[in-house]
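Structural characterization, general
Here is how the chains run, residue by residue.
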Amino acid sequence: VIMYLARLIMDVTERGARRDLRNCQDLHRTVMSAFDNTNERDARRQFDVLYRLVPSGGSKYILYVQSRVKPEVVRWLDKGYLYPLQEGRFLLNISEPAKIIKKGMLLNFDLLACPSKVTGTSTKQERLSGNKLNGRRVPLETAEERLGWLARKAEAGGFRLLEAWEAGKHTVHGTNYSNKKGKIYHIGVRFLGSLLVTDQEKFLSTICCGIGPGKAYGFGLLMIKKYSG
């Protein structure tokens, strides 16, 4: 597996940046503009594109974009409001993550996710009778429920939570012009803490594919760094 991580500064004094901040669908389009075949419906999933927008003080944000294929970064820079975080080193190539991440490793993490559940799905009897309901995704209401959700994601994703806490909420909204429903609204929670890698293969897949829903709108990117207690 080869992974790429781009680190960009977004200058919100520019009109294009303010547009992206107002509408998460526009930000999604901006992120995906650096990848070929972005007219495909599942392009984000096809290239395992995940991103996160982090306030950096004043009129600046940091945009992190992780992907399995190399982005055409000049397409971002040509927009006039995205700049390299570090001159010459804003695109990192992680060619062999399996040599870096090992089972038993301790890591600190930072995750913006959408803890939720699906309600209103069909019962078994309804499905057998041909009445299939897709249900509706709703956010989890209590911190206990949300941390329980994260613990289950961790178990399935090749790691165990050593310590985890909530560090605020983040809501994104926008308009999806290609969807009859139109409005986009996601309530996210920022989780911080430390973890233990229990299964290298599953954990690397989690890093690559992300955690939870809302990945097209800046959620699900598990950011990790060396454990510092």
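Residue numbers run consecutively from 1 along every chain, following the written order of its sequence. Note on the predicted model: pLDDT of at least 70 is required for a residue's local features to be given, and 80 or more for side-chain atom pairs to be given and counted; whole-chain, interface and lining totals, by contrast, use all residues. The basis for every side-chain value is the complete set of heavy atoms in the structure, and neither hydrogens nor water enter the calculation.

Topic: the sheet that holds strand β9 (residues 159-175)
What counts, and what does not: DSSP-based pairing: two strands are paired if at least 2 bridges between them are found. Strands here mean DSSP runs of E at least two residues long; helices mean DSSP runs of H or I at least four residues long; both are numbered from the N terminus. To obtain each axis, a line is fitted to C-alpha atoms, and for helices this fit is confined to the stretch in contact; angles are then taken between N-to-C directions over 0 to 180 degrees.
Spatial strand order, β9-β10-β6-β11: 4 strands in an open sheet with antiparallel pairing. If you trace the sheet from one side to the other, it starts and ends with β9 and β11 (222-226), each paired once. Averaged over all neighbouring strand pairs, the angle between strand axes comes to 15 degrees, with direction disregarded. Where strand β6 (residues 106-113) and strand β10 (residues 183-197) come together, 8 bridges link them in antiparallel fashion.

Focus on helix α1 (residues 15-22)
Rule in force here: To sort residues, take the accessible area from a 1.4 Å probe on protein chains only and compare it with the maximum for the residue type: under 20% means buried, over 50% means exposed, and anything in between is partly exposed. Taken from the helix axis, the directions to the C-beta atoms give the arc we talk about. Here, two residues are considered to be in contact whenever any of their heavy atoms come within 4.5 Å of each other.
What α1 keeps buried is the set Gly 16, Ala 17 and Asp 20. Buried positions in α1, seen along its axis, are confined to an arc of 100 degrees and lie on one side of it. Turned more than 90 degrees away from the buried face of α1 sit Arg 15 and Arg 22, all of them exposed. Next to the buried residues of α1 lie β1 (3-11) and α2 (24-32).

Overview of the state of the cysteines
Formally, a disulfide is one covalent bond, and it connects the sulfur atom of one cysteine to the sulfur atom of another. Filter applied, for reference: To count as a disulfide, a pair of cysteine sulfur atoms needs to be within 2.5 Å.
What the rule picks out here adds up to 0 disulfides. Between Cys 208, a free cysteine, and Cys 209, which holds the nearest cysteine sulfur, the sulfur-to-sulfur gap is 4.8 Å.

Some details on the packing of aromatic side chains
What counts here: In this analysis, rings of Phe, Tyr and Trp, with Trp reduced to its six-membered ring, are considered paired at centre separations within 6.5 Å, and the interplanar angle assigns stacked below 30 degrees, edge-to-face beyond 60, and tilted for intermediate values.
Within the structure shown, the criterion is met by 3 aromatic pairs. Taken together, a centroid distance of 6.1 Å and an interplanar angle of 20 degrees make the contact between Phe 35 and Phe 47 stacked. Placement of Phe 35 in the loop between α2 and α3 (43-46) and of Phe 47 in the loop between α3 and β2 (50-55) is noted, with a sequence separation of 12 residues between them. Accessibility expressed as a relative area gives 2% for Phe 35, which makes it buried. Judged by relative accessible area, which is 9%, Phe 47 ranks as buried. Note on Phe 35 and Trp 76: the rings are 6.2 Å apart at their centroids and 75 degrees apart in plane angle, and the pair reads as edge-to-face. Placement of the pair is Phe 35 in the loop between α2 and α3 and Trp 76 in helix α4 (residues 73-77), with a sequence separation of 41 residues.

Some details on the nonpolar core
Put simply, the rule reads: Residues belong to one nonpolar core when they are buried, are Ala, Val, Leu, Ile, Met, Phe, Trp, Tyr or Cys, and are joined through side-chain atoms within 4.5 Å.
Met 10, Phe 35, Leu 63, Val 65 and Trp 76 are the most contacted members of the largest nonpolar core, which has 29 residues in total. For this core, the secondary structure elements donating two or more residues are β1, α2, β2, β3 (60-67) and α4. A total of 4 residues in this core trace back to one element, the largest contributor, which is α2. What Phe 35 contacts, discounting residues up to four positions off in sequence, is Phe 47, Val 49, Val 65, Ser 67, Val 69, Pro 71, Arg 75 and Trp 76. Counting residues in each nonpolar core, the second largest holds 21 residues, with Met 3, Leu 111, Val 197 and Ile 211 among its members.

So far we have only geometry, and geometry alone does not tell us how the molecule works.
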